[in-house]
Amino acid sequence: MKLSRYLASLGYGNRRDVERLCAEGRVTHRAGRRLAAADQATHDDILVDGEPLDMPPGMVIMLHKPAGFVCSTSEATRLVYELLPARFLRRTPVVAAAGRLDRDTSGLLLLTDDGPLNHRLTSPRTHLPKIYDARLAADLRGDEGATFASGTMRLEGEAGALCPATLDVLGPRHARLTLTEGRYHQVRRMFAAVGNHVTALHRSALGPLSLGQLPSGEWRVLGDHELQALRDAFASAGRPPFSVPRSAP
Ligand code: URA
């Protein structure tokens, strides 16, 4: 692929912007020579303004979403995309959130430009465990764990029973809930169904991935070992392994 087209796909501007970057000598080969818009080079050899390129196609990032941000591209409120470099939003294919967290939920959110991976992460048939930390308005009664684990619980307006979920009580009004599905507002609706109210909700883990020490509002690229752990988790859930492309121009 021509350099101009490749850099445009990574969000460095439209084709004309990239041609200008090249004409100004701001796009160089790692070995030092200037690159022209029509040249071809491998991803890792290309520098723009002396800096290595952003991640190649197939990037997967983890964002520590703060409460108050929406996982959408078009709502008239603060969007999670504000927390990422503007160039990511100009990439083709687009960088999209894999599933959603409510505006008032904080925690681990994956974003990727890999459509098949996104699909797999969000498919209802992919039962990756998701761990939520919930603060509650009222004391737990003691029977919630059995109800959530039963596999027969139904949410209002839904015909199908929920998959069994695991509740760990961390305090009178504090619980950890592990789900293997992702229905609309599921945690909040589950607690509402047992007479409680979630006052704060945080997702700390998704399958083999956890936020670790990533500060709120920050993001990082998933490492190779994390991508492998995700592949293994899909494989053990009976899903075919995905491939993360690493294409070069
Ligand atoms: N359940 C909810 O209620 N909200 C979320 O954001 C995620 C799970």
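Along every chain, residues carry numbers that run from 1 in the direction the sequence is written. Whole-chain, interface and lining totals are the exception, using all residues; otherwise, since this is a predicted model, local features are given only for residues with pLDDT of at least 70 and side-chain atom pairs are given and counted only at 80 or more. The side-chain numbers reported here are obtained from all heavy atoms of the structure, hydrogens and water having been left aside.

The source of the domain bounds is an automatic or database domain assignment. Each assigned domain of the protein is listed with its residue range as follows: domain 1 (3-52), domain 2 (60-125 + 209-236) and domain 3 (130-206). Look at where the C-alpha atoms of domain 2 and domain 3 centre, and you get two points 22 Å apart. In this description, contact between two residues means that some pair of their heavy atoms is separated by no more than 4.5 Å. At the junction of the two partners, domain 2 supplies 13 residues and domain 3 supplies nine residues. Counted as salt bridges are all cases of a side-chain nitrogen of Lys or Arg within 4 Å of a carboxyl oxygen of Asp or Glu. Taken together, the links from domain 2 to domain 3 amount to one salt bridge. A salt bridge links Asp102 to Arg188, with the shortest nitrogen-to-oxygen separation between them at 2.9 Å. In the analysis that follows, any N or O atom pair within 3.5 Å is treated as a polar contact, provided that within protein one partner can donate a hydrogen and the other can accept it, and provided that, for residues neighboring in sequence, both atoms belong to side chains. Taken together, the connections running from domain 2 to domain 3 amount to nine residue pairs in polar contact (both at pLDDT 80 or more).

Strand pairing requires that DSSP identify at least two bridges connecting the strands. Numbering goes from the N terminus for both helices and strands, where a helix is a DSSP run of H or I of at least four residues and a strand is a run of E of at least two. What the three strands build is an open sheet, ordered E1-E2-E3; its pairing is antiparallel. A strand with exactly one partner marks an edge of an open sheet, and here the two such strands are strand E1 (27-29) and strand E3 (51-52). Relative to strand E2 (residues 46-48), E1 runs antiparallel, the two sharing three bridges. Bridge pairing in E2 places Val27 opposite Val48.

In this structure, the largest pocket spans a volume of roughly 700 Å³. Those elements giving two or more residues to the lining of the largest pocket turn out to be helix H4 (115-122), strand E7 (130-136), helix H6 (186-193) and strand E10 (198-206). In the lining of the largest pocket, the residues fall into twelve nonpolar, eight polar and ten charged. When residues of the lining of the largest pocket are sorted by domain, at least three fall in each of domain 2 (60-125 + 209-236) and domain 3 (130-206). Think of a 1 Å grid over just the protein atoms. A cavity is a set of points where a 1.4 Å probe fits yet cannot get out, a pocket is an open set with protein on both sides within 12 Å along at least five of seven lines, and lining residues have an atom within 4 Å of a point. Grid points are joined across faces, edges and corners, and a volume is the space filled by probe spheres set on the points. Polar here means any residue other than Ala, Val, Leu, Ile, Met, Phe, Trp, Tyr, Cys and Pro, which are nonpolar, and Asp, Glu, Lys and Arg, which are charged; Gly is therefore polar.

Below, the discussion takes up the pattern of salt bridges. Think of it this way: side chains of opposite charge can pair up when their charged atoms draw near. Considering all chains together, one arrives at 14 salt bridges under this definition. Linking Arg103 and Asp104 is a salt bridge whose minimum nitrogen-to-oxygen distance equals 3.3 Å. Here's how the labels work: a residue is buried when its accessible area is under 20% of the maximum for its type, exposed when over 50%, partly exposed in between, all with a 1.4 Å probe on protein chains only. What makes Arg103 partly exposed here is its relative accessible area of 44%. Connected through salt bridges with shared partners, the residues Glu158, Glu181, Arg183 and Arg189 form a single ionic network.

Moving on to the packing of aromatic side chains. Side-chain rings of Phe, Tyr and Trp, where Trp is taken by its six-membered ring, are said to pair if the distance between their centres is within 6.5 Å; with planes under 30 degrees apart they count as stacked, over 60 as edge-to-face, and otherwise as tilted. Counting across every chain of the model gives two aromatic pairs. Pairing Phe88 with Trp219 gives two aromatic rings, centres 5.2 Å apart and planes at 70 degrees, and the pair type is edge-to-face. With Phe88 in helix H3 (residues 86-89) and Trp219 in strand E12 (residues 219-221), the pair connects residues that are 131 residues apart, well separated along the chain. Geometrically, the ring pair formed by Phe148 and Phe191 is edge-to-face, given 5.3 Å between the ring centres and 85 degrees between the ring planes. Linking Phe148 in helix H5 (residues 144-149) with Phe191 in helix H6, this pair joins segments that are 43 residues apart in sequence. Assessed through its relative accessible area of 1%, Phe191 is described here as buried.

Moving on: the nonpolar core. In these notes, a set of buried Ala, Val, Leu, Ile, Met, Phe, Trp, Tyr and Cys residues joined through side-chain atoms within 4.5 Å is what counts as a nonpolar core. Membership of the largest hydrophobic core comes to 36 residues, with the highest contact counts inside it found for Leu109, Leu111, Phe148, Leu177, Val187, Met190 and Phe191. Listed by contribution, the elements that provide at least two residues to this core are strand E4 (60-65), strand E6 (105-112), E7, strand E9 (174-179), H6 and E10. When residues are assigned to domains, this core turns out to be shared by domain 2 (60-125 + 209-236) and domain 3 (130-206), each giving three or more. With residues up to four places along the chain from it excluded, the contact list for Leu111 reads Met59, Val60, Ile61, Leu63, Tyr81, Leu84, Val95, Ala96, Ala97 and Ala98. Core analysis: the second largest hydrophobic core is formed by 17 residues, Leu117, Leu121, Leu128 and Phe234 among them.

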